[in-house]
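Residues per chain are reported as follows:
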Amino acid sequence: MASALCRTASRLRTVQIFRRLRASSDLLSPSPPCTSDHGDFSLPRSFFSLSGGIERLKMDRRCLLSTSASDTTSKPSSGDSETKSSGENEKSGGSEEGGGSDQKSDRASGKHARGAPVSWMSFFLLFATGAGLVYYYDREKKRHIEDINTNSKAVKEGPSAGKAAIGGPFSLIRDDGKRITEKDLMGKWTILYFGFTHCPDICPDELIKLAAAIDKIKEKSGVDVVPVFISVDPERDTVQQVHEYVKEFHPKLIGLTGTPEEIKSVARSYRVYYMKTEEEDSDYLVDHSIVMYLMSPEMNFVKFYGKNHDVDSLTDGVVKEIRQYRK
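Residues numbered from 1 in each chain as written. Predicted model: local features only at pLDDT ≥ 70, side-chain atom pairs only at ≥ 80, totals over all residues. Heavy atoms only, no water.

Peer 1: Got a minute to help me understand the packing of helix H4 (residues 202-221) against helix H7 (residues 311-326) in this structure?
Peer 2: To describe two helices that pack against each other, one gives the angle between their axes and the distance between the axes. Running from amino to carboxyl end, H4 crosses H7 at an angle of 45°, the nearest separation of the two axes being 9 Å. Between H4 and H7, the interaxial angle falls into the category oblique. The handedness of the crossing between H4 and H7 is right-handed. Taken together, the residues of H7 that come into contact with H4 (itself represented by Lys209, Ala212, Ala213, Lys216, Ile217, Lys220 and Ser221) are Val311, Asp312, Leu314, Thr315, Asp316, Val318, Val319, Ile322, Arg323 and Arg326. Within the contact of H4 with H7, the residues separate by chemical class into eight nonpolar, two polar and seven charged. (Axes fitted to C-alpha atoms, helices over the stretch in contact; angles between N-to-C directions. Helix = DSSP H or I, 4+ residues; strand = E, 2+ residues; numbered from the N terminus. Parallel < 35°, antiparallel > 145°, perpendicular 65-115°, else oblique. Left-handed = near helix turned anticlockwise from the far one by under 90°. Contact = heavy atoms within 4.5 Å. Nonpolar A, V, L, I, M, F, W, Y, C, P; charged D, E, K, R; others polar.)

Peer 1: Would you mind showing me how to read the sheet that holds strand E10 (residues 292-295) here?
Peer 2: Pairing between the strands of a sheet comes from backbone hydrogen bonds, and it takes one of two forms, parallel or antiparallel. Pairing within the open sheet is mixed, and its seven strands lie in the order E4-E3-E7-E6-E5-E10-E11. Looking at which strands have only one partner, the edges of the open sheet turn out to be strand E4 (179-181) and strand E11 (301-305). When the angles between neighbouring strand axes are averaged without regard to direction, this sheet yields 35°. In this structure, strand E6 (residues 225-231) lies alongside strand E7 (residues 254-257), joined through three bridges in parallel fashion. By the bridge assignment for E7, Val228 is matched with Ile254. Helix H5 (residues 239-246) contacts strand E3 (171-174), E6 and E7 of the sheet and is inclined by roughly 155° relative to E7. (Pairing = 2+ DSSP bridges.)

Peer 1: Sorry if this is basic, but what is going on with the nonpolar core here?
Peer 2: Across soluble globular proteins, you tend to see nonpolar side chains buried next to one another. Tyr270 and Tyr293 are the most contacted members of the largest nonpolar core, which has 51 residues in total. Looking at which element gives the most residues to this core, the answer is H4, with six residues. Residues within four places of Tyr270 in sequence aside, it is in contact with Ile166, Gly167, Gly168, Phe170, Leu192, Phe194, Tyr293, Met295 and Met299. (Core = buried A, V, L, I, M, F, W, Y, C linked by side-chain atoms within 4.5 Å. Buried < 20%, exposed > 50% of the residue type's maximum accessible area, 1.4 Å probe, protein only.)

Peer 1: Hey, could you run me through the packing of aromatic side chains in this one?
Peer 2: Describing an aromatic ring pair means giving the distance of the ring centres and the angle of the ring planes. Using the criterion set out here, one finds seven aromatic pairs in the structure. Among the aromatic residues, those joined into a ring-pair cluster are Phe194, Tyr270, Tyr293 and Phe301. Just above the ring of Tyr284 sits the side chain of Arg236; from NZ or CZ to the centre is 3.6 Å. (Phe/Tyr/Trp six-rings, centres within 6.5 Å; stacked < 30°, edge-to-face > 60°. Lys NZ or Arg CZ within 6 Å of the ring centre and 35° of its normal.)

Peer 1: How should a nonpolar patch on the surface be read in this particular structure?
Peer 2: On the surface, Met121, Phe124 and Leu125 cluster together into a nonpolar patch covering about 340 Å² of accessible area. Looking at the secondary structure, you find Met121 in helix H3 (residues 120-154). (Patch = residues over 30% accessible without salt bridge, like charges linked within 9 Å, V, L, I, M, F, W, Y side chains within 5 Å. Areas by Shrake-Rupley, 256 points an atom, 1.4 Å probe, with all protein chains shown as cover. Salt bridge = Lys/Arg side-chain N within 4 Å of Asp/Glu carboxyl O.)

Peer 1: Help me understand the pairing of E7 in this model?
Peer 2: Consecutive residues of a regular strand have side chains that alternate between opposite faces of the sheet. Residues Ile254 and Leu256 point to one face of E7 and Gly255 and Thr257 to the other, with burial holding for every one of them. Bridge count between E3 and E7: two bridges; the pairing is antiparallel. Paired with Arg174 across the strands is Leu256, a residue of E7. The parallel pair E6 and E7, bridged by H5, forms a crossover whose chirality is right-handed. (Right-handed = clockwise from strand over helix to strand, strands pointing away.)

Peer 1: Could you clarify how one ought to interpret the pattern of salt bridges in this entry?
Peer 2: Within this structure, the stated rule accounts for eleven salt bridges. For the salt bridge of Lys216 with Asp312, the shortest nitrogen-to-oxygen distance reads 2.9 Å. Here Asp312 lies in helix H7 and Lys216 lies in helix H4, a separation of 96 residues in the sequence. In this structure, a network of salt bridges that share partners links the residues Lys218, Asp224 and Lys252.

Structure, rendered in structure tokens:
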């Protein structure tokens, strides 16, 4: 737009210059001579007009040259400006293209990063979380076990609120055929155990433990404790059967049996559970409580010991009760 305006202005100047030259040529045409007293001489119609026209012509020529020079210089500059503008456009386009390519590469990398199933950071976080959970669970488990152990050790026997309703009068037949009652056992410490002679494993194990504890109690305390076996299978455990059975464990072990009603009564008095299993002809088992009862010389209940006690713990428990009873 600017170059077009410059070309139009230069043309208008050229037209004005030609008009002025034409007017100047009219001024240069000859005029009639002037006469004076000193002689005849010829001068232009207006000398000053002619000289002024010449000067104007020179100025217009200079203007024309300067205008043409400015036109020639303006065109390259305009071209340069256009070139620069085009270069800038190309650069901007290149930058835009570069930005577009960068954006495309960023998008591609983003897509690749998002498309990856598991990154190293997520794997590390998953591993750390799993290790923390395992550590926390293991610590809580150990703490829980320690609490249980501490509480079990901290439990102590409190003062007795009364005597347990265990024990009572009974009348049974001894393994030598003599009938005895609880009064015949008074005056000595007694340990009672309920079982049956056809028991395959539990009763023999408990009686072996009882026999060994009796001897150790004698060594530690000097007290003779009377072991007593009471059958809960009166239908098969006759007097002779019980006699042969108890003599296999200890010479001081006393065996007692009786009628089903008598056995039922004494089992109820000592809170003993027993029941026959399914019968197959005459071969059956009897499910019963596995407990030993420590009775004082007055045949009062003192303490019971379950299957979890071994020979040493049973011995120490009985000796402890005997010593406390003496105090």
